[in-house]
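Here are the chains, one letter per residue:
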2 protein chains.
Amino acid sequence: MEQWRWPSRYDDDDRPTDGQPYWFPYRETMPPEEREAAILERVRDVMRWCWERAPFYRRKWSEAGVSPETIRTLEDFERVPVVTKEELRSTQAEHPPFGDYLCVDEAEVVHVHGTSGTTGRPTAFGISRDDWRVIANEHARVLWAMGVRPSDTVFIASFFSLYMGSWGVLIGAERLGARVFPFGAGVPGQTRRAVMWCREIRPTTFYSTPAYALHLSEVAEDMGVDPREFGLRRLFFSGEPGASIPSIRGKIERLYGAEVFDSGSMAEISPWMNLAESAARAGMLVWQDMVYTEVCDPRTLRRVPYGAEGTPVYTTLHRRSQPMVRLLSNDLTRWEAGPSACGRTYPILPRGIYGRIDDMFTIRGENVYPSAIDDVVMALPGYGGEHRIVISRQEAMDELVVRIEYDDATRVAGEAAIDALRRRAETELRTVLGVGAKIALVPPGTLERTEFKARRVVDDRDLWREARAT
Amino acid sequence: MEQWRWPSRYDDDDRPTDGQPYWFPYRETMPPEEREAAILERVRDVMRWCWERAPFYRRKWSEAGVSPETIRTLEDFERVPVVTKEELRSTQAEHPPFGDYLCVDEAEVVHVHGTSGTTGRPTAFGISRDDWRVIANEHARVLWAMGVRPSDTVFIASFFSLYMGSWGVLIGAERLGARVFPFGAGVPGQTRRAVMWCREIRPTTFYSTPAYALHLSEVAEDMGVDPREFGLRRLFFSGEPGASIPSIRGKIERLYGAEVFDSGSMAEISPWMNLAESAARAGMLVWQDMVYTEVCDPRTLRRVPYGAEGTPVYTTLHRRSQPMVRLLSNDLTRWEAGPSACGRTYPILPRGIYGRIDDMFTIRGENVYPSAIDDVVMALPGYGGEHRIVISRQEAMDELVVRIEYDDATRVAGEAAIDALRRRAETELRTVLGVGAKIALVPPGTLERTEFKARRVVDDRDLWREARAT
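Residues numbered from 1 in each chain as written. Chains lettered and ligands numbered in written order. Predicted model: local features only at pLDDT ≥ 70, side-chain atom pairs only at ≥ 80, totals over all residues. Heavy atoms only, no water.

### A look at the overall build of chain A
So, point 1. For chain A, the helix and strand inventory stands at 14 helices and 21 strands.
So, point 2. Taking 23 Å as the expected radius of gyration for a compact globule of 470 residues, we find that chain A reaches 23 Å, a close match to that expectation.
So, point 3. Taken across its 470 residues, chain A has 60% of its residues classed as buried.
So, point 4. A fraction of 68% describes how many contacts in chain A between residues 6 or more apart in sequence connect residues 24 or more apart.
So, point 5. A total accessible area of about 17,400 Å² is found for chain A, and carbon and sulfur atoms account for 48% of it.
So, point 6. Taking the 61 positively charged and 70 negatively charged side chains of chain A as two groups, their mean positions are separated by 0 Å. (Helix = DSSP H or I, 4+ residues; strand = E, 2+ residues; numbered from the N terminus. Rg over C-alpha atoms; globule rule 2.2 N^0.38 Å. Buried < 20%, exposed > 50% of the residue type's maximum accessible area, 1.4 Å probe, protein only. Contact = heavy atoms within 4.5 Å. Areas by Shrake-Rupley, 256 points an atom, 1.4 Å probe, with all protein chains shown as cover. Lys, Arg positive; Asp, Glu negative; His and termini not counted. Charge placed at Lys NZ, Arg CZ, Asp CG, Glu CD.)

Right under this line is the structure:
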């Protein structure tokens with residue numbers, strides 16, 4: 001049942017036959033101009049919904065001199081002020097627990113999730129039954145586009161708690177009719193168990209963060225198991241940029257003998273799979289009929305033309321409990337016009353989300369993105385599986401040290417091989433970054449493995465001094 | 001929609017009005033004889049289903065000379081051989097992954113779960129879509145009987161992975177229409193986050209293991225938070241006997257200022273909430289129309305009369321994917337005839353599940369159950385929150401040492417208070433057990449806290465010698 005109106009309706013029993021490439025053929029392949037006209041209608045519907053129900057939005061928009069009635073074009077919509085995560089946190093502190101942007105009666109909230117709060121007060125997600133179905137139905141479409149079918153088994157290796165990644169995949173795969181194995185992560189010994197269960201159940205499809213898939217393959221090897229024995233056909237990821245970084249993607253594909261798909265935007269705007277690769281695997285598609293995405297200039301917060309770089313700003317088109325209207329991501333991407341080789345007419349992010357505006361640092365005038373360093377370092381022959389980017393912004397002159405583990409073969413080969421690796425790392429990083437980095441090589445197993453999102457950038461003056469002296 | 005037939009049908013949109021005490025009034029309050037007549041029909045339905053589809057059951061029953069057609073009374077049914085967990089594991093090893101007792105086409109399995117495998121090869125649960133709905137619908141009934149209503153918020157603090165406890169509660173509470181907060185457990189720092197979120201979201205209903213609830217209250221106190229601030233109305237538990245042990249139950253009720261409910265049988269027979277207290281809170285009800293339970297003599301494996309002690313043997317009456325017919329629990333309980341004060345006519349387990357046949361040990365001819373020791377020790381004034389039961393079965397003469405932490409107040413009060421605690425523990429344990437135990441008191445914080453199922457019995461000769469010498 002292909003309907004696209006406000007409020008959204010889904011037929012939970014409907015699904016395409018296995019041979020169909022599209023879940024909603026018309027919505028996914030319609031001419032972009034026609035889609036934009038429909039998006040404008042939806043945007044106005046969502047704004048009206050928020051205007052009538054959410055003091056947060058009415059206040060914010062009134063101050064900016066906009067209202068649902070003043071938005072007559074998508075260009076007009078660019079004048080709607082963006083929402084920041086900080087605003088969400090502070091309105092929740094004032095109006096606990098869900099903030100005054102909750103647009104349904106609080107009694108209608110049937111699922112509570114939230115952010116982990118690693119960077120301050122967490123944000124609570126209050127999701128209504130209808131919105132839970134929105135997430136399930138929209139994610140099923142995206143998984144379908146990756147090639148997942150009811151005959152597939154989806155192994156979900158990420159932690160089931162606040163993190164919307166795991167839950168969004170679970171309910172999407174359930175809705176699609178696939179077999180799900182919600183394995184989770186977190187407790188000691190769980191990764192070894194994951195290896196054992198993957199061999200036993202032989203899932204076709206695997207979900208986690210890229211860092212966890214790399215960790216799992218190392219644990220498997222420790223156990224004498226080749227991850228190819230799992231028989232996976234595809235792994236898809238979210239939570240960190242890794243899957244769109246060619247070296248990481250290539251490494252995971254070689255280790256598992258399976259195809260890698262990148263996906264994911266932000267938990268706040270679930271269905272967060274609104275950015276995701278299809279079976280064509282030529283960059284993430286921007287599923288505009290799910291969440292309207294504007295790639296914006298970070299200063300003006302207006303759309304940049306296709307081909308240019310900017311930060312995504314998201315507007316949910318189906319959510320009613322906590323709709324997001326122009327949520328600022330602070331992520332960094334470049335977009336291009338569609339269609340994709342799969343026939344979908346959505347815009348495309350050829351390199352996915354490759355950085356954070358606020359992660360970016362400047363070394364001697366050059367903008368440096370950690371993901372660019374990851375890309376170079378992880379492709380080095382002799383790379384031992386982990387590294388750290390150590391910067392010091394407090395010093396008079398910013399300097400960059402990259403600590404890299406070398407692998408066992410390099411260790412055995414001795415000093416000459418280690419020196420060769422260092423020189424190669426220096427050369428390649430200088431080429432890509434435009435500035436030099438000091439390389440500190442460390443023996444295999446020195447650096448702690450990251451199980452969740454890889455956090456490799458260290459901004460620490462002492463560690464920087466120490467690493468520089470290595 | 002109150003139907004009771006094979007195969008089961010549920011109306012997922014139906015639910016009683018809030019004032020109704022019963023979800024299915026007739027099935028829950030019908031005369032026991034009439035229920036037993038219906039159970040006999042269901043048992044034969046289930047056996048026929050298994051006979052036609054599961055080589056495992058046909059083989060086993062043929063060897064024992066029984067078949068669906070030879071079962072004409074519930075007494076006849078007692079001749080059906082029990083299934084042991086070891087048998088499930090070995091048939092799964094031969095017929096991976098779900099064993100030859102899977103009674104649906106393997107393609108119909110949409111959910112994979114399993115045991116943690118702490119005691120050997122894990123058992124895989126392959127659950128069909130219909131059976132997933134069985135679990136959700138039946139658990140909703142039980143939660144309703146505890147007093148949970150759509151206006152409640154259910155905080156699920158247990159780990160979401162293989163463990164069926166968490167998933168069974170989640171889908172039951174969703175089906176009931178309550179708000180769910182699937183928080184999970186497992187990663188470092190998660191318990192502190194649980195304290196923070198409970199204060200923020202103020203759930204009415206809490207689920208975990210009893211050991212975890214005690215741990216959470218300690219963490220809360222460390223953070224300067226009184227668990228009563230959460231505003232909980234009820235906590236319900238499964239996974240270990242604690243909630244039916246009066247001292248543990250009383251302690252949790254005082255700490256949280258809320259009512260405690262016990263529930264749970266075995267993951268293999270999900271809907272595992274088939275044993276659960278209702279709002280009357282006078283022992284766990286045996287929801288016989290969900291899972292037919294026979295409390296049996298462990299030697300004859302035939303039912304014992306009401307009033308007597310035995311081990312539960314379970315037969316699922318609604319499951320089609322992996323039906324369990326006479327699964328032996330090796331748990332220990334005593335049952336009585338209903339009705340309960342709540343009006344339900346099910347049999348009652350006044351003290352819940354209070355031991356394991358295989359946990360029981362013998363000291364100088366007396367059968368000793370660890371839960372009986374837990375009960376005494378945890379009620380001692382001056383008890384510091386943790387203890388260990390140390391036995392040595394290898395010694396010529398069995399002896400029992402109980403290591404008990406004393407609390408801070410006792411430590412401050414000094415030697416005399418510690419001596420008084422020791423004497424009181426000795427006296428009370430001798431009274432309850434019929435044999436003497438050596439008491440070794442240790443300072444606060446000595447013993448590691450158990451986050452999941454409390455494992456307090458230690459069978460270790462060296463530790464026993466050391467503890468004895470204290």
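### So, the interface of chain B and chain A
So, point 1. The interface is formed by 43 residues belonging to chain B together with 43 residues belonging to chain A.
So, point 2. Roughly 3,200 Å² of surface becomes buried between chain B and chain A when both sides are summed, with 60% attributable to carbon and sulfur atoms.
So, point 3. Three residues, V112, R179 and W197 of chain B, lead the burial of chain B against chain A; their summed loss comes to 20% of the area buried on that side.
So, point 4. Residue E106 of chain A pairs with R179 of chain B through a salt bridge whose shortest N-O separation is 4.0 Å. (Buried area = accessible area lost by both parts, 1.4 Å probe. Salt bridge = Lys/Arg side-chain N within 4 Å of Asp/Glu carboxyl O.)

### Some details on the confidence of the model for chain A
So, point 1. Averaged over all residues, the pLDDT of chain A equals 91, while 93% of them reach at least 70.
So, point 2. The complex prediction reports pTM at 0.84, with the ipTM value standing at 0.83. (pLDDT = per-residue confidence, 0-100.)

### A look at the pattern of salt bridges
Residues and elements named next belong to chain A.
So, point 1. Evaluated as defined, the whole model comprises 67 salt bridges over all chains.
So, point 2. Between R175 and D12 there is a salt bridge, and its shortest N-O distance comes to 3.9 Å. In this pair, R175 sits in helix α7 (residues 164-176) while D12 sits in the segment before α1 (25-29), placing the two residues 163 residues apart along the sequence.
So, point 3. D100 is paired through a salt bridge with R59; the nearest N and O atoms lie 3.1 Å apart. Remark: R59 occurs in helix α3 (residues 55-64) and D100 occurs in the loop between α5 (85-94) and β1 (109-114); sequence separation between them is 41 residues.
So, point 4. Bridged by salt links that share partners, the residues R27, E28, E138, R141, D289 and R344 form one connected network.

### Quick look at the environment of V432 of chain B
Residue and element names in this part refer to chain B.
So, point 1. Relative to the elements of secondary structure, V432 occurs in helix α13 (residues 415-433).
So, point 2. Look at V432 and you get partly exposed, because its relative accessible area is 48%.
So, point 3. It is 7.9 Å that separates the C-alpha atoms of V432 and V376, two residues lying 56 residues apart in sequence.
So, point 4. Beyond its immediate chain neighbours, meaning those up to four positions away, V432 contacts A372 and V376.

### Quick look at the sheet that holds strand β9 (residues 284-286) of chain B
Strand pairing in a sheet takes place through backbone hydrogen bonds and is either antiparallel or parallel in direction.
All names here are of chain B.
So, point 1. Within the open sheet, the three strands sit side by side as β8-β9-β14. Their pairing is antiparallel. If you trace the sheet from one side to the other, it starts and ends with β8 (275-276) and β14 (348-349), each paired once.
So, point 2. Alignment of β8 against β9, held across two bridges, turns out to be antiparallel. Looking across to β9, one finds that L275 is bridged to V286. (Pairing = 2+ DSSP bridges.)

### Focus on the environment of V112 of chain A
So, point 1. In this fold, V112 of chain A is placed in strand β1.
So, point 2. Distance from V112 of chain A to L162 of chain A, taken between C-alpha atoms, is 8.2 Å for residues 50 residues apart in sequence.
So, point 3. Contact partners of V112 of chain A, with chain neighbours within four places excluded, come to F98 and F125 of chain A together with R179, V180, F181, P182 and I201 of chain B.

### A short note on the relation of the copies chain B and chain A
So, point 1. You can overlay chain B on chain A at an RMSD of 0.1 Å; the transform is a turn of 180° with a shift of 0.1 Å along its axis. Such a combination of turn and shift is consistent with a two-fold rotation axis. Scanning chain B for the C-alpha nearest the rotation axis identifies G186 of chain B, at a separation of 2.6 Å.
So, point 2. Taken as a fraction of all interface residues of chain B, those also at the interface in chain A reach 100%, which identifies the copy contact as same-surface. (Least-squares fit on C-alpha atoms with pLDDT ≥ 70 in both.)

### Considering the sheet that holds strand β8 (residues 275-276) of chain A
Residue and element names in this part refer to chain A.
So, point 1. Taking strand neighbours across the sheet as the criterion, the three strands line up as β8-β9-β14 in an open arrangement whose pairing is antiparallel. The open sheet has two edge strands with one neighbour each: β8 and β14 (348-349).
So, point 2. Note that strand β9 (residues 284-286) and β14 share two bridges and pair antiparallel. Its bridge partner being in β14, M284 is matched across the sheet by L349.

### A few points about helix α2 (residues 32-53) of chain B
Residues and elements named next belong to chain B.
So, point 1. In this model, α2 (22 residues) spans 31 Å end to end at C-alpha, consistent with the 32 Å of a helix rising 1.5 Å per residue.
So, point 2. Looking only at α2, the buried set comprises R35, A38, I39, L40, R42, V43, R44, D45, V46, M47, W49 and C50.
So, point 3. Buried residues belonging to α2 abut α1 (25-29), α3 (55-64), α4 (74-77), β10 (291-296), β11 (309-316) and β12 (325-328). (Expected span 1.5 Å × (residues − 1).)

### Focus: the packing of aromatic side chains
So, point 1. Going through the model one piece at a time under the given rule, you end up with 41 aromatic pairs over all chains.
So, point 2. Between the aromatic rings of W51 of chain A and W61 of chain A, the centroid separation amounts to 6.4 Å while the plane-to-plane angle is 10°, which identifies the pairing as stacked. Of this pair, W51 of chain A sits in helix α2 (residues 32-53) while W61 of chain A is found in helix α3, placing the two residues 10 residues apart along the sequence.
So, point 3. Here the aromatic rings of F160 of chain A and W167 of chain B are separated by 5.3 Å at their centres, their planes lie at 80°, and the arrangement is edge-to-face. Residue F160 of chain A is found in the loop between β3 (153-156) and α7, and its partner W167 of chain B is found in helix α7 (residues 164-176); the two belong to separate chains. (Phe/Tyr/Trp six-rings, centres within 6.5 Å; stacked < 30°, edge-to-face > 60°.)

### Looking at the pairing of strand β4 (residues 179-182) of chain A
All names here are of chain A.
So, point 1. Burial along β4 is two-sided: the face carrying R179 and F181 and the face carrying V180 and P182 are both buried.
So, point 2. The pairing of β3 with β4 spans four bridges and is parallel. When the bridges of β4 are listed, F155 appears paired with F181.
So, point 3. A crossover connection joins β3 to the parallel β4 through α7; in handedness this β-α-β unit is right-handed. (Right-handed = clockwise from strand over helix to strand, strands pointing away.)

### Here's the deal with the packing of helix α8 (residues 190-201) of chain B against helix α9 (residues 210-222) of chain B
Helix-helix packing is described using two parameters, namely the angle between the two axes and the distance between the axes.
All names here are of chain B.
So, point 1. Orientation of α8 relative to α9, taken along the N-to-C sense of each, is 75°, at an axis distance of 9 Å. On the basis of their axis angle, the class for α8 and α9 is roughly perpendicular. Where α8 approaches α9, its residues T191, R192, A194 and V195 are matched on the opposing element by Y212, H215, L216, V219 and A220.
So, point 2. In the contact of α8 with α9, the residues fall into six nonpolar, two polar and one charged. (Axes fitted to C-alpha atoms, helices over the stretch in contact; angles between N-to-C directions. Parallel < 35°, antiparallel > 145°, perpendicular 65-115°, else oblique. Nonpolar A, V, L, I, M, F, W, Y, C, P; charged D, E, K, R; others polar.)

### Details of the packing of helix α11 (residues 370-378) of chain A against helix α13 (residues 415-433) of chain A
Residue and element names in this part refer to chain A.
So, point 1. One can describe the packing of α11 onto α13 by two numbers: an axis separation of 10 Å at closest approach and a directional angle of 150°. Helix-helix and strand crossings are classified by hand; for α11 and α13 the assignment is right-handed. Along its contact with α11, which presents A372, I373, V376 and V377, the element α13 presents E428, L429, V432 and L433.
So, point 2. Among the residues forming the contact of α11 with α13, the class breakdown is seven nonpolar, no polar and one charged. (Left-handed = near helix turned anticlockwise from the far one by under 90°.)

### Thoughts on α8 of chain B
Structurally, the α-helix is built with 3.6 residues per turn, so residues lying three or four positions apart point the same way.
So, point 1. Taking 1.5 Å as the rise per residue, α8 of chain B with 12 residues should run 16 Å; its terminal C-alpha atoms sit 16 Å apart, in good agreement.
So, point 2. In the core, the buried residues of α8 of chain B are packed alongside β1 and β2 (124-128) of chain A together with β3 (153-156), β4 (179-182), β5 (205-208) and α9 of chain B.
So, point 3. Where α8 of chain B ends, the next residue or the one after it, R202 of chain B, has phi of about 50°, a positive value.

### Quick look at unusual backbone geometry
So, point 1. In this chain, P96 of chain B is followed by P97 of chain B through a cis amide linkage whose omega measures -5°.
So, point 2. In this fold, P97 of chain B is placed in the loop between α5 (85-94) and β1 (109-114).
So, point 3. The omega torsion of the bond from G338 of chain B to P339 of chain B falls at 0°, within 30 degrees of zero and hence cis.
So, point 4. With respect to the helices, strands and loops of the structure, P339 of chain B is situated in the loop between β13 (331-334) and β14.
So, point 5. Even without glycine at this site, L301 of chain A takes up a positive phi of about 60°.

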